[in-house]
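Take a look at the letters that make up each chain.
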Amino acid sequence: MPKRWEVYPGKSQVLFSGRCISAKNLSVFYLTLALIVISSCLFLAFDCRLLAVTLSPSVPVLAAVQFIFVLCCLLRTTFSDPGIIPRGTPDEAAWIESQLEGPQVDRDGNYRPPVRLKDVQISGRVFKLKYCFTCKLWRPPRASHCSTCDNCVDRFDHHCPWVGNCVGRRNYRYFYLFLISLSVYCLYVMVFGIVNLVLLSNMRKDFLMAMKESPTSVLTILVAFFSIWSVVGLGGFHTMLICRETSTNEDIKGSFNQRRHPDLINPFDQGNGLANCCYVLFGPVTPSLLNFREDEIGLGSSISLVTNNGRNGTASAAAASTAVTATPAVRYSNLTRNNNDATSNSVGHVNNSVQVISESLPAQLPGDGNDVIVKNGNGTPADGVISGGTDTVGAQNSNTQSASSVHCIV
Amino acid sequence: MGSRPAAQVGHSRKVYIQRDYSQGLGLRYSTAMPPQLQDRMPEDLFEAAIVNINQILAGAENGSVGVYAESCFACLTGYLIYMCMDTHYERSLKEVRKLIEEYNRTVFMPRRLMMIDPSERGLRVIEVVLLS
């Protein structure tokens with residue numbers, strides 16, 4: 001059985017057997033990595049020799065710590081799932097597309113393409129949801145389809161070639177941390193590179209001589225200087241975006257540009273820059289929805305079942321669905337309600353969780369006075385009767401006394 | 001494209017409950033019952049089940065002090081702490097999975113229906129399979 005990463009249909013690159021995902025073309029990312037690593041190594045190897053002795057050994061230590069932090073943020077941004085929304089299954093696509101209006105010809109004989117927009121109103125602002133024909137799903141309001149990676153990404157910010165991945169909801173905080181930490185680190189390297197040259201020129205009484213003696217300092221200073229303009233600029237831009245709870249994509253499209261249209265309010269803005277910052281940088285993060293390491297259970301017919309000891313993993317679902325094709329009886333033996341089963345610890349578990357249901361579902365199930373009778377495979381009613389009537393749902397424990405296997409043909 | 005397994009169900013025997021964005025971007029599914037289910041279960045029961053699921057999911061996406069504190073702490077540990085524990089979101093999704101399994105066992109299966117956990121569908125839809 002193939003794993004989900006093996007059948008992934010997009011253009012992103014899946015690495016390490018489904019543990020990481022990035023853009024296909026990483027050449028600019030390698031450039032970024034090379035610039036950071038080479039400059040840092042030159043700085044630590046050459047400049048820090050004098051600085052550690054003259055100023056303090058904490059200078060190279062701090063530089064090393066920052067270097068590691070910058071690398072971690074960069075690698076995390078590059079190789080984590082930006083918030084890719086997995087493509088819809090063929091059944092879902094058929095369901096949705098059957099409900100879309102087809103292509104039509106109006107009175108003037110003009111062709112109108114199929115309507116694939118629907119309006120949704122969020123806090124007084126109307127958003128047009130688009131149906132993505134590539135991904136077979138209704139795109140959430142802030143999601144966008146990245147043509148480079150051929151995925152819909154939730155809260156799509158932009159596709160960054162320097163980082164080698166899309167920046168979206170899940171990895172935006174790492175991207176921002178990367179920008180801020182790199183800005184600070186560039187400044188640090190530039191300042192201490194200049195300090196190193198100044199100290200050296202004081203010792204040699206000649207600035208040009210100092211530069212000749214330590215050419216790597218000149219190189220690192222230049223690299224840091226030219227990087228600062230772009231990195232600090234981008235960091236400042238993203239700080240502003242975060243405070244306004246907007247993404248780069250929305251900023252470019254002018255989705256929330258109230259200066260042009262006063263009714264383009266941003267319903268996601270919490271009104272306060274600090275609150276927005278907290279939510280974007282420290283708020284809850286969706287787990288990766290791709291689930292690459294799990295089995296691809298053929299064409300979207302994965303089924304979650306309760307097994308005897310309440311295991312929830314999709315491994316049990318995989319086993320269950322393969323059993324579906326083989327013997328329906330085997331599949332549903334898991335559902336036997338045998339209260340005498342001493343080895344099963346599910347009864348205790350069942351009781352606890354059924355309590356949850358009986359508290360949360362209304363005690364009276366209105367309009368449902370009918371008992372649902374469970375039939376055995378040969379058509380005779382099973383011994384137990386699951387009552388959907390005046391009893392609470394939790395009370396059905398007492399009704400199904402003997403083992404009753406349910407045969408359902410899918 | 002290879003043979004489909006015998007258990008494959010055509011789309012007419014599955015219904016899909018879409019996301020409801022009217023209250024914002026939070027995880028929420030529409031409580032409107034699809035007409036195909038009308039002869040199998042009462043509308044209020046279905047709505048109550050979806051409302052319960054939505055309640056747990058609402059907790060997943062709201063930023064509260066506890067969630068921020070957990071994120072800050074995780075940031076300070078270099079996010080290594082997530083090798084030992086689940087995020088708040090993952091815990092909420094696991095609760096939903098457990099709830100749906102209980103619903104399947106007690107409410108849906110007896111009515112020849114099965115609800116598929118939305119996590120299996122990338123949180124796009126809740127799939128309900130009409131069993132025969």
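Just so it is clear, the model here is predicted, and its values are computed rather than measured. Within any chain, residue numbers begin from 1 and follow the written order of that chain's sequence. By the order in which they are written, chains take letters starting at A while ligands take numbers starting at 1. With pLDDT at 70 or above as the cut-off, local features in this predicted model cover only qualifying residues; side-chain atom pairs require 80 or more to be listed or tallied, and sums for whole chains, interfaces and linings still use all residues. The side-chain quantities take in all heavy atoms of the structure and omit both hydrogens and water.

S.K.: Please give an account of the UniProt feature "transmembrane region" (unreviewed entry) in chain A that cites residues and values.
M.R.: Residues and elements named next belong to chain A. As annotated in UniProt, the feature "transmembrane region" (unreviewed entry) corresponds to residues 28–46, 58–79, 174–199 and 219–243 in the numbering used here. Within the segment residues 58–79, helix and strand shares are 100% and 0% respectively, and the terminal C-alpha atoms sit 31 Å apart. Between the C-alpha atoms that bound residues 174–199 the distance is 36 Å, and the span itself is 100% helix and 0% strand. UniProt positions are given in the numbering used here, feature names are shortened, and annotations may be inferred rather than shown by experiment. Helix numbers and strand numbers start at the N terminus; a helix is a DSSP run of H or I with at least 4 residues, a strand a run of E with at least 2.

S.K.: Describe the sheet that holds strand E1 (residues 14–18) of chain B, naming the residues involved and giving the relevant values.
M.R.: Whether parallel or antiparallel, the strands of a sheet pair through hydrogen bonds between backbone atoms. Residues and elements named next belong to chain B. Strand order in the open sheet formed by three strands is E1-E3-E2, and the pairing between neighbours is antiparallel. Of all the strands in the sheet, just E1 and strand E2 (113–116) have a single pairing partner and so form its edges. Ignoring strand direction, the axes of neighbouring strands in this sheet form an average angle of 20 degrees. Here E2 pairs with strand E3 (residues 125–130) via four bridges, running antiparallel. Counted as the bridge partner of Ile116 is Glu127 from E3. At least two DSSP bridges between two strands are required for those strands to pair. Here an axis means a line fitted to C-alpha atoms, over the contact stretch when the element is a helix, while the angle between two N-to-C directions is reported on a 0 to 180 degree scale.

S.K.: So, the nonpolar core: which residues are in play, and what are the values?
M.R.: The set of buried Ala, Val, Leu, Ile, Met, Phe, Trp, Tyr and Cys residues whose side-chain atoms join them within 4.5 Å is what this entry labels a nonpolar core. Type-normalised accessible area, obtained with a 1.4 Å probe on protein chains alone, sets the label of each residue: buried when under 20%, exposed when over 50%, and partly exposed for intermediate values. Formed by 45 residues in total, the largest nonpolar core has its most connected members in Tyr29, Leu37, Met41, Phe46, Ile53, Phe108 and Met115 of chain B. Counting only elements with at least two residues in this core, the list comes to helix H3 (90–99), strand E6 (117–122) and strand E7 (125–132) of chain A together with E1, helix H1 (43–61), helix H3 (88–108), E2 and E3 of chain B. For this analysis, residues touch if any pair of their heavy atoms sits within 4.5 Å. Filtering out sequence-adjacent residues up to four positions away, Leu37 of chain B remains in contact with Val15, Phe46, Leu113, Val128 and Leu130 of chain B. Ile36, Leu71, Ile228 and Val280 of chain A belong to the second largest nonpolar core, which has 42 residues in total.

S.K.: Which residues make up the pattern of salt bridges, and what are the values?
M.R.: Just to be clear on terms, a salt bridge is a Lys or Arg side-chain nitrogen sitting within 4 Å of an Asp or Glu carboxyl oxygen. Tallied over the entire structure, the rule returns 21 salt bridges over all chains. With a closest N to O distance of 2.5 Å, Glu127 of chain B and Arg121 of chain B form a salt bridge. No difference in accessibility class separates Glu127 of chain B from Arg121 of chain B, as the two residues are buried. Through salt bridges with shared partners, a single ionic network connects Asp91 of chain A together with Lys14, Arg121 and Glu127 of chain B.

S.K.: Residues and numbers for the packing of helix H4 (residues 172–204) of chain A against helix H8 (residues 273–282) of chain A, please.
M.R.: Residues and elements named next belong to chain A. In contact at an axis separation of 8 Å, H4 and H8 are set at 110 degrees when each is read in the N-to-C sense. When the axis of H4 is compared with that of H8, the two are roughly perpendicular. Listed contacts from H8 to Tyr172, Arg173 and Tyr176 of H4 are Tyr279, Val280, Leu281 and Phe282. Residues were grouped as follows: Ala, Val, Leu, Ile, Met, Phe, Trp, Tyr, Cys and Pro as nonpolar; Asp, Glu, Lys and Arg as charged; and all remaining residues, including Gly, as polar. Of the residues belonging to the contact of H4 with H8, the class tally is six nonpolar, no polar and one charged. Roughly parallel covers angles under 35 degrees, roughly antiparallel covers those over 145, roughly perpendicular covers 65 to 115, and oblique covers all other angles.

S.K.: An account of the UniProt feature "domain: Palmitoyltransferase DHHC" (unreviewed entry) in chain A is needed here, citing residue identities and associated values.
M.R.: Per the UniProt annotation, the sites labelled "domain: Palmitoyltransferase DHHC" (unreviewed entry) are residues 128–253 of chain A. Across residues 128–253 of chain A, helical content stands at 60% and strand content at 15%; the span's end C-alpha atoms are separated by 14 Å.

S.K.: Account for helix H2 (residues 65–76) of chain B, naming residues and giving values.
M.R.: For H2 of chain B, built from twelve residues, the straight-helix expectation of 16 Å at 1.5 Å per residue is met to within 8% by its first-to-last C-alpha distance of 16 Å. Of all the residues in H2 of chain B, the buried ones are Val67, Tyr68, Glu70, Ser71 and Ala74 of chain B. An end-on view of H2 of chain B places all buried positions within 160 degrees of arc, on one side of the element. Facing away from the buried surface of H2 of chain B by more than 90 degrees, the exposed residues are Val65 and Leu76 of chain B. Packed against the buried residues of H2 of chain B are H4 and H8 of chain A together with H3 of chain B. Count one or two residues on from H2 of chain B and you reach Gly78 of chain B, which has phi positive near 70 degrees. What a helix should span is 1.5 Å times the count of its residues minus one. Think of it as the arc spanned by the lines of direction from the helix axis to the C-beta atoms.

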